Amino acid sequence: MLSQRLSEWASRAPEIEEDIALTNIALDLLGQARALLDYAAVVEGGTRDEDDLAYLRTEREFRNVHLVEQENGDFAHTIARQLFFSTYQLFLYEELISSTDELLAGVAAKAVKEAAYHHDHAALWTVRLGDGTDDSRRRMQAAVDRLWPFTAELFDADDVETGLAAQGIAVDPATLRPRWVRAISDTFTTATLVIPPTVWTSHGGRRGVHTECFGYLLAEMQYLHRLHPGASW
Amino acid sequence: MSDTGLPLWEVFIRGRRGLSHVHAGSLHAADEAMALRNARDVYTRRSEGVSIWVVRSQDISASSPDEKDPFFAPAADKVYRHPTFYDLPEEVRQM
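I will try to describe carefully the structure that is included in this document. Model, not experiment: these values are computed from the prediction.

**Focus on the overall build of chain A**
Check the secondary structure of chain A and you find 9 helices and 0 strands. For chain A, whose C-alpha radius of gyration is 18 Å, the value lies close to the compact-globule estimate of 17 Å for 233 residues. Here the C-alpha coordinates of chain A stretch approximately 55 × 40 × 30 Å along the principal axes. Every one of the 233 residues in chain A was classed for burial, and the buried ones make up 31%. Partitioning the intrachain contacts of chain A with sequence separation of at least 6 by distance along the chain shows that 69% fall at a separation of at least 24.

Below you can see the structure in the form of structure tokens.
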């Protein structure tokens, strides 16, 4: 879903170099999604394939976190969202490399390098925007404040996940939290930004309950496939 | 988009089998760290390189096209300066 959101920056980014950077990140994420959805279809053991899972599932069947479906907003919002999510992904994939499931470990080994780069990109920008002009710091802090309530959900786990983590297949996201908070704090200190107080947190994505942005995002992503079922390029 | 005043950088890439960095193009970036990242994104999408150099365009001094004759023409006549009378062994053929 994050790949879909990032693609909206194509031809709209502040500089052409940033346009390419963001769409490159979107492509990396899409590659990870394909590998995982493909595996999900295999594990499911039915007749669905990766395309069916991506384009024919309904809103309540998607289990992504709310953070990734939030609108891009201005560049600061996108960078803040990237910082939060890519830091989480980096630590998640670092742990997933030791999964007892061979395919997940393989996906993680490749994805961890991509996540390291995404994190690097977001962190560099966060520092430059936060420790930049008054205007950029104001926008960056506003973005952080607005997206902070969505970060708690990154570390939620349901019974399926904790069960798989106990078997060494998956990673319990809650274990990533201390490292994540430390990394974000360090970056924020350099960027002269502050972590906002937690007033409310958003949850429910993993149960299939999404925010109001999701419907529009999904409609745009799926309508072409649904309009021409079975078509090929 | 309007000019935001970001400096211009020249990008040099060394390919996997190359021996030296070759000029690949230029881009705008805020500083050298961002210039390296942007160069990686813009110029190595298809695995063209293993090493990137970025230099601020203003730091590059170039010979002027008007001075081409005084700079380069005399050397062509002075055959005794050219190391062309040696037989190079196969191993260093590219020299």
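**Some thoughts on the interface of chain B and chain A**
At the junction of the two partners, chain B supplies 11 residues and chain A supplies 9 residues. Contributions of two or more residues to the side of chain B that touches chain A are made by β2 (22-28) and α1 (32-43) of chain B. Ranked by residues supplied to the side of chain B that touches chain A, first place goes to α1 of chain B with 6 residues.

**Quick notes on the nonpolar core**
Judged by nonpolar contacts, the single largest core of 45 residues is most densely connected at L67, I79, A80 and L147 of chain A. Elements that contribute at least two residues to this core include exactly α1 (2-7), α2 (16-44), α4 (75-96), α5 (102-130) and α6 (134-147) of chain A. Counting residues per element, this core draws most heavily on α4 of chain A, which supplies 13 residues. Excluding residues within four positions of it along the chain, L147 of chain A makes contact with L67, Q70, H77, A80, R81 and F84 of chain A. Counting 10 residues, the second-largest nonpolar core is a separate cluster that includes W9, I13, L27 and M34 of chain B.

**Thoughts on the pairing of strand β1 (residues 8-14) of chain B**
All names here are of chain B. Along β1, the buried face is formed by W9, V11 and I13; none of L8, E10, F12 and R14, which line the opposite face, is buried. In terms of strand pairing, β1 meets β2 through 6 bridges, oriented antiparallel. Counterpart to V11 in the pairing with β2 is G25. As judged from the 6 bridges shared by β1 and strand β3 (residues 51-56), these two strands associate in the antiparallel manner. Looking across to β3, one finds that I13 is bridged to I52.

**Some remarks on the sheet that holds β2 of chain B**
All names here are of chain B. Taking strand neighbours across the sheet as the criterion, the 3 strands line up as β2-β1-β3 in an open arrangement whose pairing is antiparallel. Looking at the sheet topology across the chains shown, the edges are occupied by β2 and β3. Here the average twist between neighbouring strands, direction ignored, is 30 degrees.

**Some points on the packing of α4 of chain A against helix α8 (residues 177-191) of chain A**
If you want to describe how two helices pack, look at the angle between their axes and the distance between the axes. Residue and element names in this part refer to chain A. It is at 10 Å that the axes of α4 and α8 come closest, and there the two elements cross at 135 degrees. The angle between α4 and α8 falls in the class oblique. When the axes of α4 and α8 are compared, the crossing they make is right-handed. Contacts between α4 and α8 involve L83, T87, Y88 and F91 from the former and R179, W180, A183, I184 and T187 from the latter. Tallied by class, residues from the contact of α4 with α8 come to 6 nonpolar, 2 polar and 1 charged.

Cut-off values and rules
- Residues numbered from 1 in each chain as written.
- Chains lettered and ligands numbered in written order.
- Predicted model: local features only at pLDDT ≥ 70, side-chain atom pairs only at ≥ 80, totals over all residues.
- Helix = DSSP H or I, 4+ residues; strand = E, 2+ residues; numbered from the N terminus.
- Rg over C-alpha atoms; globule rule 2.2 N^0.38 Å.
- Buried ≥ 20, exposed ≤ 12 C-beta atoms within 10 Å, placed from the backbone.
- Contact = placed C-beta atoms within 7 Å.
- Core = buried A, V, L, I, M, F, W, Y, C linked by C-beta atoms within 7 Å.
- Pairing = 2+ DSSP bridges.
- Axes fitted to C-alpha atoms, helices over the stretch in contact; angles between N-to-C directions.
- Parallel < 35°, antiparallel > 145°, perpendicular 65-115°, else oblique.
- Left-handed = near helix turned anticlockwise from the far one by under 90°.
- Nonpolar A, V, L, I, M, F, W, Y, C, P; charged D, E, K, R; others polar.

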